[in-house]
Amino acid sequence: MTRPDDACRPDYAGGGIVNLMASLVQARGGTARAPEARLLPARELGDIPQIVLLVIDGLGADWLDRHAPRGLLSQHRLGTLTSVFPTATAPAITTFLTGVAPGQHGVTGWFVWLRELGCVLKILSGQPRYGGADYRQARLNVRALCPQPALFDDLAVPAAVVSPREIARSPFNLAHLGRDTRLYPCAGFGDLCRQIERALRAVPAPGYVYAYWPKLDALGHRHGIASPAAVAHLRDIERHLDTLRKRVAGRGVALLVSADHGQIDTAPAATVELAAHPRLAATLRLPLCGEPRAAFCYPGLAQAEAFVAYCDAQLAAAVTVWRGADAIAQRLFGPGPVHPELSHRIGDFVLTGRGAWIVRDRLPTEEPFVQIGVHGGLSRAEMLVPLCRL
């Protein structure tokens, strides 16, 4: 079996996004469930009347260095944090919403095998991977599947959430909103900044405002994170943020900007298509889960040896093979106590892509689907995110 590639592992002890949330919880009168961030201890925020955290999906620290080294965010950067593992939207955003690592909240990727339902679910929408009813249509209770308490309910102060209109009132978002948190849907990044201002006027101090913006990540998936479209959107983001920064100056606002993960660009030549490896596919009892850069595999006990032997012989240059139990023991998903279903949700083995490699399969119900920008793995570009204070 190939040796685990630990080029850039998540830091859950003080250098990661989970620790940033611990600092914010403590600064707003709550009890954190992780060590506070070394870059921004709670004491530096405790006397600030209003704290805003803006999470820009897909904004990697190395990418920001490369494309805007003298831009607004770089000028006001405190340093770098690590994401969680997998370095993906569903696990990382759930960490921002709960304050704990994926091993504790149990949201382990875009596709999650839920043993309790006997189904591979698109966890954010609640739709089975093969298609069909979502959370609302199937009357599924998000809290029953994701029972970790909302971070907002840990705070001793009022809070607000600003989120794109198309996802703001999704069952997953509402389940993690907390009991009394105000919700401000937005349309476009300029409107997101306006809604942050609106929330700051409405939420009594001391307060907390969380905002999320997904378009940079979407542009990276579609065009590549190195594309002119992605870089142009960064310019747009910084222009609006500069206006927001000036408008809230002198009002006792700590305006923080970070991200859930970065991205890398891949290519068809760096793709392991499961259909092209029928001997490997024959060992699996379930479709691949997780992410293309962090594929969770379920060969079961009987086929485990054949699965590992094939990966070692045919895919050693493309993937690193982790035993699921070893990944948990090495705290790749975070410290304990772990979610009771974690071992089932990550599978018997985890394949992380080397270089720009991805691993994917396609169900009979799925149309061909190609992403240029990808994430989920353990590269610096995916793992490291900036922390800025404007």
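See the structure shown above.
Residues numbered from 1 in each chain as written. Predicted model: local features only at pLDDT ≥ 70, side-chain atom pairs only at ≥ 80, totals over all residues. Heavy atoms only, no water.

Visitor: Can you explain helix H1 (residues 17-27)? Please cite residues and give values.
Guide: A large share of H1 lies buried, amounting to 10 of its 11 residues. All of the buried residues in H1 are Ile17, Val18, Asn19, Leu20, Met21, Ala22, Ser23, Leu24, Val25 and Ala27. Elements that come into contact with the buried residues of H1 comprise strand E1 (50-56), strand E2 (77-82), helix H4 (89-98), strand E8 (207-213), strand E9 (253-258) and strand E18 (384-389). Gly29 occupies a position one or two residues after H1 and carries a positive phi of about 85°. (Buried < 20%, exposed > 50% of the residue type's maximum accessible area, 1.4 Å probe, protein only. Helix = DSSP H or I, 4+ residues; strand = E, 2+ residues; numbered from the N terminus. Contact = heavy atoms within 4.5 Å.)

Visitor: Can you tell me about the sheet that holds strand E6 (residues 159-164), naming the residues and giving the values?
Guide: Read from one edge of the open sheet, 7 strands run E2-E18-E9-E1-E8-E6-E7, paired in mixed fashion. Each of the sheet's edge strands pairs with one partner strand only, and the pair in question is E2 and strand E7 (182-186). If you compare each strand with its neighbour and ignore which way they point, the axes differ by 20° on average. Both E1 and E9 contribute to a ladder of 6 bridges, which runs parallel. Note on E9: the bridge partner recorded for Leu53 is Leu256. In the packing of helix H10 (residues 189-202) onto the sheet, contacts are made with E1, E6, E7, E8 and E9, and the angle to E7 comes to roughly 160°. (Pairing = 2+ DSSP bridges. Axes fitted to C-alpha atoms, helices over the stretch in contact; angles between N-to-C directions.)

Visitor: So, the pattern of salt bridges: which residues are in play, and what are the values?
Guide: Overall, the coordinates contain 18 salt bridges when judged by the stated rule. Between Arg115 and Glu341 there is a salt bridge; the shortest N-O distance is 2.8 Å. Separated by 226 residues along the polypeptide, Arg115 in the loop between strand E3 (111-114) and strand E4 (119-122) and Glu341 in the loop between helix H15 (324-329) and helix H16 (342-346) bring together distant segments of the chain. Put simply, Asp191 and Arg194 hold a salt bridge, and the shortest N to O gap is 3.6 Å. Residue Asp191 and its partner Arg194 are both found in helix H10; the two are separated by 3 residues, about one turn of the helix. (Salt bridge = Lys/Arg side-chain N within 4 Å of Asp/Glu carboxyl O.)

Visitor: Quick rundown of the side chain of Ser163? Include the residues and the values.
Guide: Counting through the fold element by element, Ser163 comes out in strand E6. Residue class for Ser163 comes out buried when judged on its relative accessible area of 3%. Not counting residues up to four positions away in its chain, the partners in contact with Ser163 are Ala168, Asn173, Tyr184, Pro185, Cys186 and Tyr212.

Visitor: Go over unusual backbone geometry, please, and point to the residues and values.
Guide: Here the amide bond leading from Phe85 into Pro86 is cis, since omega sits at -10°, within 30 degrees of zero. If you trace the backbone, Pro86 turns up in the loop between E2 and H4. For the bond running from Ala205 to Pro206, omega is -5°, close enough to zero to count as cis. If you trace the backbone, Pro206 turns up in the loop between H10 and E8. You will see that Arg139, though not glycine, has its phi angle at about 55°, which is positive. Among the structural elements, Arg139 can be located in the loop between helix H6 (135-138) and helix H7 (142-145). The phi torsion at Arg331 lies on the positive side, around 60°, for a residue other than glycine. The class of Arg331 is exposed, set by a relative accessible area of 52%.

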